[in-house]
Amino acid sequence: MMTSPTARSVSRPPPKIIQGGMGVAVSGWRLARAVSAAGHLGVVSGTALDVVCARRLQDGDPGGHVRRALAAFPVPAVAQRVLDTYFLPAGRPTGRPYRTVPMYTLQPPAVLQELTMVANFCEVYLAKEGHGGVVGINYLRKIGLPIPVACFGAMLAGVDYVLVGAGSPAELPELLGRLARRDGVALSVRTQGTTSADGTFAVRCSPRALLGAGPPLHRPQLLAIVASTDLAAGLAADPATRPDGFVVEGPTAGGHNAPPRGPRRVTPEGEPVYDDRDTVDLDAIRALGLPFWLAGSQGSPEGLRSALAAGAAGIQVGTAFAFSTESGLADRLKRQVLQDLATGDVSVRTDWRVSPTGFPFKVLSATGTLSDPQVAAERSPVCDIGALRSPFRQADGTIGYRCPAEPRRMYLERKGGRAANIEGRRCLCNALLAAVDLPQQRPHGYEEPAIVTAGDDLSAVTALVRSRADAAPYPASAVIDHLDPAREHRA
Ligand SMILES: Cc1cc2nc3c(=O)[nH]c(=O)nc-3n(C[C@H](O)[C@H](O)[C@H](O)COP(=O)(O)O)c2cc1C
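All values reported here derive from a predicted model rather than from experimental measurement.

Chemist: Which residues make up the overall build of the protein, and what values go with them?
Modeler: Per the secondary structure count, the protein includes 18 helices and 14 strands. A compact globule built from 491 residues should have a C-alpha radius of gyration of about 23 Å, and the protein, at 21 Å, falls within 12% of that. Dimensions of the protein along its principal axes, counting C-alpha atoms only, are 60 × 55 × 50 Å. Residue burial in the protein is summarised as follows: out of 491 residues, 55% are buried.

Chemist: Please set out the nonpolar core residue by residue, giving values where relevant.
Modeler: If you look at the biggest cluster of nonpolar residues, it comprises 140 residues, and the most contacted ones within it are Phe246, Phe321 and Phe323. Of all the elements, helix 5 (residues 110-128) adds the most residues to this core, at 11 residues. Counting residues in hydrophobic clusters, the runner-up holds 12 residues, among them Leu41, Val134, Tyr161 and Val247.

Chemist: Talk me through the site of the ligand; I want residue IDs and the actual numbers.
Modeler: Looking at the ligand, there are 21 residues lining it, with Asn138, Glu249, Ser297, Gln316 and Thr319 nearest. Note that an oxygen atom of the ligand is positioned 3.3 Å from one of the backbone N or O atoms of Gly296. With respect to the ligand, the backbone of Gly318 contributes an N or O atom lying 2.9 Å from an oxygen atom. Coverage of the ligand by the protein amounts to 94% of the 600 Å² it exposes when considered alone. When residues of the shell around the ligand are traced back to their parent elements, those giving at least two are strand 3 (135-140) and strand 10 (314-317).

Chemist: Which residues make up the pattern of salt bridges, and what are the values?
Modeler: All chains considered together, the criterion is met by 25 salt bridges. Note that Asp275 is salt-bridged to Arg277, the shortest N-O span being 2.8 Å. Under the relative-accessibility criterion, Asp275 is labelled partly exposed at 25%. Since its relative accessible area comes to 43%, Arg277 is described here as partly exposed. Residues joined by salt bridges that share partners form a network here, namely Arg379, Asp384, Arg442 and Glu448.

Chemist: If you had to explain the packing of helix 17 (residues 459-466) against helix 18 (residues 476-483) to someone new, which residues and values would you point to?
Modeler: One way to put it is that helix 17 packs onto helix 18 with a least axis distance of 11 Å and a crossing angle of 115°. Between helix 17 and helix 18, the crossing angle belongs to the class labelled roughly perpendicular. For the pair helix 17 and helix 18, the sense of crossing is right-handed. Each of Ala460, Ala463 and Leu464 in helix 17 lies in contact with helix 18, whose residues at this interface are Ala478, Val479 and His482. Its residues assigned to classes, the contact of helix 17 with helix 18 comprises 5 nonpolar, 1 polar and no charged.

Chemist: Now, about the packing of helix 2 (residues 49-58) against helix 5: what can you tell me, with residues and values included?
Modeler: Direction vectors running N to C along helix 2 and helix 5 enclose 80°, while the axes themselves pass 8 Å from each other. Looking at the two axes, helix 2 sits roughly perpendicular to helix 5. For the pair formed by helix 2 and helix 5, the contact residues are Leu49, Asp50, Cys53, Ala54 and Arg56 on the first element and Leu112, Leu115, Thr116, Ala119, Asn120 and Glu123 on the second. Residue classes in the contact of helix 2 with helix 5 are distributed as 6 nonpolar, 2 polar and 3 charged.

Chemist: Tell me what's going on with the sheet that holds strand 2 (residues 41-45), and back it up with residues and numbers.
Modeler: Pairing is parallel in the closed barrel, where 8 strands are placed in the order 1-2-3-4-7-8-9-10. Between one strand axis and the next, the sheet turns by 25° as a mean value, whatever way the strands run. Along the sheet face, helix 5 touches strand 2 and strand 3 and points at about 145° away from the line of strand 3.

Chemist: Before we move on, can you summarise the side chain of His131 with the specific residues and values?
Modeler: With respect to the helices and strands, the residue His131 is situated in the loop between helix 5 and strand 3. Excluding residues within four positions of it along the chain, His131 makes contact with Arg33, Ser36 and Ala37.

Chemist: Break down the environment of Tyr86 for me, citing the residues and quoting the values.
Modeler: Here Tyr86 shows up in helix 4 (residues 76-86). Separated by 14 residues in the primary sequence, Tyr86 and Thr100 place their C-alpha atoms 9.7 Å from one another. What Tyr86 contacts, discounting residues up to four positions off in sequence, is Ala54, Leu57, Gln58, Arg99, Thr100, Val101, Pro102 and Leu115.

Chemist: Outline the packing of aromatic side chains, listing residues and values.
Modeler: Scanning the entire structure with this criterion turns up 2 aromatic pairs. Ring geometry for Phe73 against Phe121: centres 5.0 Å apart, planes inclined by 85°, an arrangement best described as edge-to-face. In this pair, Phe73 is assigned in the loop between helix 3 (65-70) and helix 4 and Phe121 in helix 5, connecting sequence segments 48 residues apart. Ring geometry for Phe121 versus Tyr125: centroids 5.8 Å apart, planes at 20°, classification stacked. Of the two residues, Phe121 and Tyr125 are both situated in helix 5; the distance of 4 residues between them amounts to about one turn of the helix. Looking at Tyr125, the relative accessible area reads 15%, which means it is buried. Among the aromatic residues, ring-to-ring pairing joins Phe73, Phe121 and Tyr125 into one connected group. Over the face of the ring belonging to Phe392 we find Arg402, whose NZ or CZ atom lies 4.1 Å from the ring centre.

Chemist: Please give an account of the side chain of Arg425 that cites residues and values.
Modeler: Summarising the element assignment, Arg425 is placed in the loop between helix 15 (408-414) and helix 16 (428-435). Looking at Arg425, its side chain comes within polar contact range of the main-chain oxygen of Arg353, at 2.8 Å. Those residues within four positions of Arg425 in sequence are excluded, and the remaining contacts are Trp352, Arg353, Val354, Ser355, Pro356, Gly358, Pro404 and Ala405.

Chemist: A description of the state of the cysteines should follow, citing residues and the corresponding values.
Modeler: Taken as a whole, this structure holds 0 disulfides when the rule is applied. Sulfur of Cys122: no disulfide; nearest cysteine sulfur belongs to Cys53 and is 5.1 Å away. The class of Cys122 is buried, set by a relative accessible area of 3%.

What counts and what doesn't
- One numbering rule holds for all chains: residues counted from 1, following each sequence as written.
- For a predicted model such as this one, the threshold for reporting local features is a pLDDT of at least 70, and the threshold for listing and counting side-chain atom pairs is 80 or more; totals across whole chains, interfaces and linings nevertheless cover every residue.
- Only hydrogens and water are set aside; all other atoms, that is, all heavy atoms of the structure, feed into the side-chain values.
- Numbering of helices and strands runs from the N terminus; a helix is a DSSP stretch of H or I covering at least four residues, while a strand is a stretch of E covering at least two.
- When we talk radius of gyration, it's over C-alpha atoms, and the globule rule is simply 2.2 Å times the number of residues to the 0.38.
- Residue exposure (1.4 Å probe, protein chains only): buried if accessible area is under 20% of the type maximum, exposed if over 50%, otherwise partly exposed.
- The criterion is simple. A nonpolar core is a set of buried Ala, Val, Leu, Ile, Met, Phe, Trp, Tyr and Cys residues joined through side-chain atoms within 4.5 Å.
- By convention in these notes, a residue is near a molecule or strand provided one of its non-hydrogen atoms lies within 4 Å of it.
- Any pair of nitrogen or oxygen atoms within 3.5 Å is treated as a polar contact; in protein, a donor-acceptor pairing is required on top of that, and neighbouring residues in sequence qualify only through side-chain atoms on both sides.
- A 1.4 Å probe and the Shrake-Rupley method give the accessible areas. Residues count as covered only by the protein chains that appear here.
- The term salt bridge refers to a pairing of a side-chain nitrogen on Lys or Arg with a carboxyl oxygen on Asp or Glu at a separation within 4 Å.
- Lines fitted to C-alpha atoms define the axes here, with helix axes fitted over just the stretch in contact, and angles between the N-to-C directions of these axes take values from 0 to 180 degrees.
- Each angle is binned into one of four classes, with values under 35 degrees roughly parallel, values over 145 roughly antiparallel, values of 65 to 115 roughly perpendicular, and all other values oblique.
- Each crossing gets its hand from how the near helix is turned against the far one by less than a right angle, where anticlockwise is left-handed and clockwise is right-handed.
- The contact criterion used is simple: two residues touch if any of their non-hydrogen atoms lie within 4.5 Å.
- Amino acids are sorted into nonpolar (Ala, Val, Leu, Ile, Met, Phe, Trp, Tyr, Cys and Pro), charged (Asp, Glu, Lys and Arg) and polar (every other residue, Gly among them).
- Only strands joined by at least two bridges in the DSSP assignment are considered to pair.
- Each Phe, Tyr or Trp ring (for Trp, its six-membered ring) is paired with any other whose centre lies within 6.5 Å, and the angle between the two planes then decides the class: stacked below 30 degrees, edge-to-face above 60, tilted in between.
- Two thresholds decide whether a charge sits over a ring: the Lys NZ or Arg CZ must be within 6 Å of the ring centre and within 35 degrees of the ring normal.
- The term disulfide is used for any two cysteine sulfur atoms that are within 2.5 Å.

This is the structure we're talking about:
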């Protein structure tokens, strides 16, 4: 049984291991639940959960998990509307495309807000089901438009931690406090071609307009994912922006990485060059007096020991969990990567061009995925998810939305984007959904190809897979045992 969102009895010690948020749906509820039930912090990815939930329902909701969570949503009529819109009891006929979900704008329609709220509720509800451990949810500040309503949905399910990376979460402490009181919130959104400092552009969420009145909600702890001492110190300096802790993430971590400081420097292979300026000063972090966790190549017993010795509360690990049984990564991709690792044939590249966000993104080489230039060249650009679109001011002063991975003509001619922005970009929205077995179907039997991300350090994955005879995925509990052999098991 899930505990009431407002009931929090004794305060717990901070977790030693955080299983990092991995989007899209790589750290889904199954993985987070396994880690949380083992007494650590399991984190679900909050990215694009609207699309993930709508697609799971269109696939017939195998196992009935989404419907079980929907049945627990506090306002049944709202959950019913989502079900009525997307649920297909027999799933989709082979080859039929998924019904698309409206794209986010500064004024998201009520149906999209409801879907996002409900989807975030379901993911946290399922991750918390059947144990008393803590659960977190991860958002990327760069993908700001859904954040207010997504946080509200996660809080309705009693989420314990919100972890925010890819930008400054300075507005989040106040936002979470207001949502806990069910007050309306506004989150500023950077709009290209304008100064964002005027505060004109914000995305709003009104819990009362969405659900009417209700009891106060538990305010989750906020962990800011940072790659710089300055950002951490700036956030900690003001009570209004101070998070409850930090995840200090280095540039070897999987997923997106912070760009290097200083002038842009790249290796001949096009990878960003990091140097001393990108090393976070742990003495300075410790001096801020807030708990912190180290992330990026920390996934080993030595990583955990040295983090604790440096005064950290523990470590955040992603890559080792990404290839576990409970991760949402498509089983065939897990097996392919694990087989390749067994023969030593895997590389990870930090690609500065691939992500429409402009942040470096780690791409693992895997046959049949977008890491293969041939597979990338065969894809016809289409933008039908739009999670990475940025608002921009159009010539007539109104706000438009564009993504450098959308069709060229649209981006360059209709939306005035810069040609220099589009080289090498890939549609991460479609590719990351394909990686978790939710690929969109296109005409003539074409299926959207996947992209796989992982950190530079694959040694834990290698050790774990070599300990098995069959090069098959290993349970998340094996990762925890590997990281912390002396851990206490929880019921
Ligand atoms: C497959 C994958 C997806 C990731 N996606 C996200 C994400 O959506 N948001 C985020 O803040 N971090 C993301 N990360 C980073 C992890 O949360 C974590 O900080 C990182 O993996 C730790 O370093 P490691 O990869 O060396 O274990 C991702 C990592 C991986 C491997």
